Each structure stands twice: as structure tokens, then as C-alpha cells.
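Breakdown of the fold
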Amino acid sequence: MITRATTAPFAERLDHYRARVDQKLADVLDLDRQVPERLLAAMRYSVLGGGKRVRPLLVYASGELAQVAEHALDAVAAAVELVHAYSLVHDDLPAMDDDDLRRGRPTTHKEFDDATAILAGDALQALAFEVLATDRALAANAGAQVRMLAWLARAAGPTGMVGGQALDMAAEGQRLDEHGLERIHRGKTGALIRASIMMPSELGTSSPEQRASLDVFASDIGLVFQIRDDLLEVEQDTATLGKHAGSDSGNDKSTYPSTLGVEGARQRAAETQQRAVAALRTLGPSADGLLWLSGFILNRAY
Ligand code: GRG
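Fair warning: this is a prediction, and the values are worked out from it, not measured in the lab. Per-chain numbering applies: the sequence of each chain, read as written, is numbered from 1 onward. Note on the predicted model: pLDDT of at least 70 is required for a residue's local features to be given, and 80 or more for side-chain atom pairs to be given and counted; whole-chain, interface and lining totals, by contrast, use all residues. Side-chain measures here rest on the full set of heavy atoms in the structure, leaving out hydrogens and waters.

1. Things to note about the overall build of the protein
Runs of H or I in DSSP of at least four residues are treated as helices and runs of E of at least two as strands, each being numbered from the N terminus. When helices and strands are tallied, the protein shows 15 helices and two strands. We compute the radius of gyration over the C-alpha atoms and compare it with the globule rule, which gives 2.2 Å times the number of residues raised to the power 0.38. Relative to its length of 302 residues, the protein is compact, with a C-alpha radius of gyration of 18 Å against a globular reference of 19 Å. Here the C-alpha coordinates of the protein stretch approximately 50 × 50 × 35 Å along the principal axes. The buried label applies to any residue whose accessible area, calculated with a 1.4 Å probe on protein chains only, is under 20% of its type's maximum; exposed applies above 50%, and partly exposed to all values in between. Counting over 302 residues, the protein shows a buried share of 54%. For the protein, the separation between the mean place of its 32 positive charges and that of its 42 negative charges on side chains is 4 Å. The sign given to each residue is positive for Lys and Arg and negative for Asp and Glu; His and the chain ends receive no count. Throughout, a charge is located at the NZ atom of Lys, the CZ atom of Arg, the CG atom of Asp or the CD atom of Glu.

2. Concerning the environment of Arg-38
When you line up the elements, Arg-38 lands in helix 2 (residues 37-47). Judged by its relative accessible area of 45%, Arg-38 is partly exposed. Measuring from C-alpha to C-alpha, the distance between Arg-38 and Phe-112 comes to 8.3 Å, with 74 residues separating the pair along the chain. Discounting residues that sit within four places of it in the chain, Arg-38 has contacts with Phe-112, Asp-113 and Thr-116. Any two residues whose heavy atoms approach within 4.5 Å are treated as being in contact.

3. Let's talk about the nonpolar core
To qualify as a nonpolar core, a set must consist of buried Ala, Val, Leu, Ile, Met, Phe, Trp, Tyr and Cys residues joined through side-chain atoms within 4.5 Å. Among the nonpolar cores identified, the biggest contains 84 residues, and Leu-82, Leu-132, Leu-152, Ile-197, Met-199 and Leu-290 are the most heavily contacted of them. The leading source of residues in this core is helix 4 (residues 74-91), at ten residues. Not counting chain neighbours up to four residues away, the residues in contact with Ile-197 comprise Leu-58, Ser-62, Leu-214, Phe-217, Ala-218, Ile-221 and Leu-290.

Written out as C-alpha cells, the structure reads:
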């Protein structure tokens, strides 16, 4: 049984929130006898036992800001992580980035096979929407539930993650300017991070002005996440990242460091984070969890 978070600094609540979302993910993947064995094994392999859980943590931190009860956030946190896990499985496939290492282990298609990995990704995405649409803790607020489903669908779909991925693939071998990079990553990486932060606000009572400020933060911090990700690819080793360092240059992709230089990319990440934080500070002390996470996203080492 996981108990309520305290009012301690957010860093002290990380393990608590990670445990909550991990429990929820284990629960929603407890589908023995309902799902073919190999498919379920691949789904579990892709989701459980790895990953920083940044998107679920953003959900809980944004829920603190909106003063939403934790139990109403578990399905939201699980849903965004399920969509994220699906995207990683498909991103690693031979037809995409063709990677064999993820979260320190063989990628799903290496551990199983390509067809099973495709099906596992498809199933995880559908399961995310099922979890969000059917969670009993959300039943009392059906309007918010539908708006959150819309956030998640937009983030995952053609104007979000998949659209960004399509732009990324089309740009392979081209030298992109910063505007081109930003267009890709606001979709590919940023949209799901933005949705993770905005969905809990649908459950709270914030004003349109507060939501607009939160959205500035949510959009910009997604970009910071990607700039840092690109920097880690050149700064960090494979063992620390749990995935192959330097794979972007191997795939002939433009990145923030290749476009702006390493120092330029660091500077852009810091400036963008500061802009995000300025918007967040207008929302008062209950935004401290999101503030802490924005620092983690800027400075993370893996
Ligand atoms: C094939 C239909 C079809 C769709 C593909 C794969 C895909 C859609 C989109 C790609 C989205 C993607 C993989 C974006 C990269 C985002 C990113 C920086 C991921 C790494 O996230 P972390 O560091 O990973 O949070 P962990 O492992 O910690 O969860």
C-alpha cells in the first residue's frame, strides 16, 4: 500500500510518485489469460523495469499545482508513460532508428522480434487510452476525462509525436536550421511532455490566465528536454545512457549541438528553461514540484 505524499521538497517525493506509477502500470498490465502470452510479455518488457518516468512525474507535480488528489492522477501518469513506452519501441525498430539497446537492455524487437514489437507498441498505445477512459477515479469528472483524452490524442498523433517523427525522418541527411529543429521536436518530444503537464490542470480549477502561463512552461520545457537529450548524446557514454550514445550522428540527423555547437546548445537550453520558469513563477509556491523538475530536465546526466 502506497501512502500519500508529504509536503516535503519534491525531490523527496520522487520515489513515492515513481512507486505509484509503477504500481499502476503493473496493475494495468496484469492481463494474464486475456492477452496472448508473448504479446503481453513484450508489453511488460517495454514498460516495466526501466526508464526515468519523467512524464508521470510531471503529471504528479502538475497535479500538486492544480491540487488534484493523487489517486486521480495515477491513470493519467500511467497513460502518458504507456504512450511514451510505445513510442520508444517503435522508434527503435529497424525501419525507424534501428537501435538494439534501450534502458540498458536489448530493445523490444531484439528481445522478441520485429512483428511482436510492432504489435506491443500498438497495444500499449491503445491501452493508454483505455486506462484513461475507464479509470474509476476519473468517473466523477467525465468532462475533464474527455478533455484529457483529447490532450493525449493530439500529443500522440499526426500534429504531435507521430507528425514530429515524420518530419524527423524526412529531414535525415539535411542540415536543418534551429527553426526546423524546433518544429520537429515540439512535435516529436515536446507534445507528450506538454500534455503530461496540461492534463492535470483539466482536473483542477485554474483560471484561463493560469492555464496560459502553465502552457508556456509546458511547451518550453519539452524543448529543453530535447536539447538536453541531444547534448547527452555527445557528452555521455552508452553505459550511463542505457542507449547508444552518438546514434543521431550515425543516423545523419541534425541535432541542437550540430546546429548551434555544444556551447550554443547549452546556452539555448538554459535560456529556454529560464523562460519556462519565468512563466511558472507566476503560479505561486505550489508549482515547486514543476520548478524542481525543470531543473532536473535541464541538468540531467542520463
Ligand atoms: C511507427 C506509427 C509509428 C509511430 C512512431 C516512434 C514514434 C512514432 C515517435 C518517436 C517519438 C520519440 C521516440 C521521441 C524521442 C523522445 C525522447 C527524447 C525519448 C527519451 O525519453 P526518456 O529520456 O526515456 O524520458 P526513458 O527511458 O527514461 O523513459
